[in-house]
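Geometric and topological summary
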Amino acid sequence: DAGVIQSPRHEVTEMGQEVTLRCKPISGHNSLFWYRQTMMRGLELLIYFNNNVPIDDSGMPEDRFSAKMPNASFSTLKIQPSEPRDSAVYFCASSASGGFHEQYFGPGTRLTVT
Amino acid sequence: QKEVEQDPGPLSVPEGAIVSLNCTYSNSAFQYFMWYRQYSRKGPELLMYTYSSGNKEDGRFTAQVDKSSKYISLFIRDSQPSDSATYLCAMRGNQGGKLIFGQGTELSVKP
């Protein structure tokens, strides 16, 4: 099992640019989570999907952030336009059975916005 | 006030020591309690999973939940340098998969 796959692993971009983060969940998992981790705020849930449908997006900081899950094996998190305060590590996690079981985390994408 | 409070440390102990990590929470609806371990520049991985109150033991690790005090603990016996990591508590209620994480405690076990 390859685990949760995220790309890119590192992203450096300038303020105002569009950033797209990608995630491939573990095959057979029907829940997908996007988290953001910073020193100041810790690990925060941004949004999660069950069966490709967004269930809770209350953690999405503002309209500059959007997430999609067009099929069971792929999700994107987009920031447009990016700002320096978006600099963080973004994790994707997946889980079986609607998220009631263990969440398996990917390696994360380290985003730096200058 | 955050829903879950966790001392960020850092905590430094000698090899072989017993380590105690703790979290407090405010939401009485939380029923499922987890401890995740995160090595530097890696994603968190589940270490322990407990439902409601009580103790759970797995090798050198023991998780305790005291719902009356809204307090959870993770004990590590005979700590090893390989236990050096950040430990995050996480919890949720019965509705859905949304986890609320603590800030994480950075642990260093010195040889």
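I will try to describe carefully the structure that is included in this document. (Residues numbered from 1 in each chain as written. Chains lettered and ligands numbered in written order. Predicted model: local features only at pLDDT ≥ 70, side-chain atom pairs only at ≥ 80, totals over all residues. Heavy atoms only, no water.)

All right, on to the packing of aromatic side chains then. Residues and elements named next belong to chain B. All chains considered together, the criterion is met by 12 aromatic pairs over all chains. Consider the rings of Tyr25 and Phe30, whose centres lie 5.9 Å apart with planes at 55°: the pair is tilted. Residue class for Phe30 comes out buried when judged on its relative accessible area of 5%. Here Tyr32 and Tyr49 contribute two aromatic rings whose centre-to-centre distance is 6.2 Å and whose plane-to-plane angle is 55°, an arrangement assigned as tilted. (Phe/Tyr/Trp six-rings, centres within 6.5 Å; stacked < 30°, edge-to-face > 60°. Buried < 20%, exposed > 50% of the residue type's maximum accessible area, 1.4 Å probe, protein only.)

Quick look at the interface of chain B and chain A now. Counting residues at the interface gives 19 residues for chain B and 24 residues for chain A. Here chain B and chain A share an interface that buries about 1600 Å² over both sides, 49% of which is from carbon and sulfur atoms. Linking chain B with chain A are 1 salt bridge, by the criterion used here. Between A:Asp56 and B:Lys98 there is a salt bridge; the shortest N-O distance is 3.5 Å. Linking chain B to chain A there are 5 residue pairs in polar contact (both at pLDDT 80 or more). Counting only elements with at least two residues in the side of chain B that touches chain A, the list comes to β4 (32-38), β5 (45-51) and β9 (85-92) of chain B. Considered class by class, the residues forming the side of chain B that touches chain A number 7 nonpolar, 7 polar and 5 charged. (Contact = heavy atoms within 4.5 Å. Buried area = accessible area lost by both parts, 1.4 Å probe. Salt bridge = Lys/Arg side-chain N within 4 Å of Asp/Glu carboxyl O. Polar contact = N/O pair within 3.5 Å; in protein donor to acceptor, adjacent residues only side chain to side chain. Helix = DSSP H or I, 4+ residues; strand = E, 2+ residues; numbered from the N terminus. Nonpolar A, V, L, I, M, F, W, Y, C, P; charged D, E, K, R; others polar.)

We now examine the nonpolar core. Judged by nonpolar contacts, the single largest core of 24 residues is most densely connected at B:Val4, B:Trp35, B:Ile72, B:Leu74, B:Tyr87 and B:Met91. For this core, the secondary structure elements donating two or more residues are β3 (19-25), β4, β5, β7 (61-66), β8 (71-76), β9 and β11 (105-110) of chain B. The residues contacting B:Tyr87, other than those within four sequence positions of it, are B:Gln6, B:Leu21, B:Tyr36, B:Arg37, B:Leu47, B:Leu74, B:Ile76, B:Gly104, B:Thr105 and B:Leu107. Formed by 21 residues, the second largest nonpolar core is a distinct cluster that contains A:Ile26, A:Phe49, A:Met69 and A:Ile79. (Core = buried A, V, L, I, M, F, W, Y, C linked by side-chain atoms within 4.5 Å.)

Let us now look at the state of the cysteines. This model, assessed by the stated rule, comprises 2 disulfides over all chains. One disulfide in the model links A:Cys23 with A:Cys92; its S-S distance is 1.9 Å. When the S-S torsion is -65°, as for the bridge of A:Cys23 with A:Cys92, the disulfide is left-handed. Here A:Cys92 lies in strand β9 (residues 88-95) and A:Cys23 lies in strand β3 (residues 19-24), a separation of 69 residues in the sequence. Neither A:Cys23 nor A:Cys92 differs from the other in exposure class; each is buried. The disulfide partner of B:Cys23 is B:Cys89, and the gap between their sulfur atoms is 2.0 Å. The disulfide joining B:Cys23 to B:Cys89 has a torsion of about -100° about its S-S bond and is therefore left-handed. Here B:Cys89 lies in strand β9 and B:Cys23 lies in strand β3, a separation of 66 residues in the sequence. By relative accessible area, B:Cys89 is classed as buried at 0%. (Disulfide = S-S within 2.5 Å.)

The next subject is the sheet that holds β3(B). All names here are of chain B. With antiparallel pairing, the 5 strands of this open sheet are ordered in space as β1-β3-β8-β7-β6. For this open sheet the edge positions go to β1 (4-5) and β6 (54-58), each flanked by a neighbour on one side alone. Pairing of β1 with β3, which is carried by 2 bridges, proceeds in the antiparallel orientation. Looking at β3, one finds that Glu5 is bridged to Thr24. (Pairing = 2+ DSSP bridges.)

Function cannot be read off these values alone, since they describe shape.
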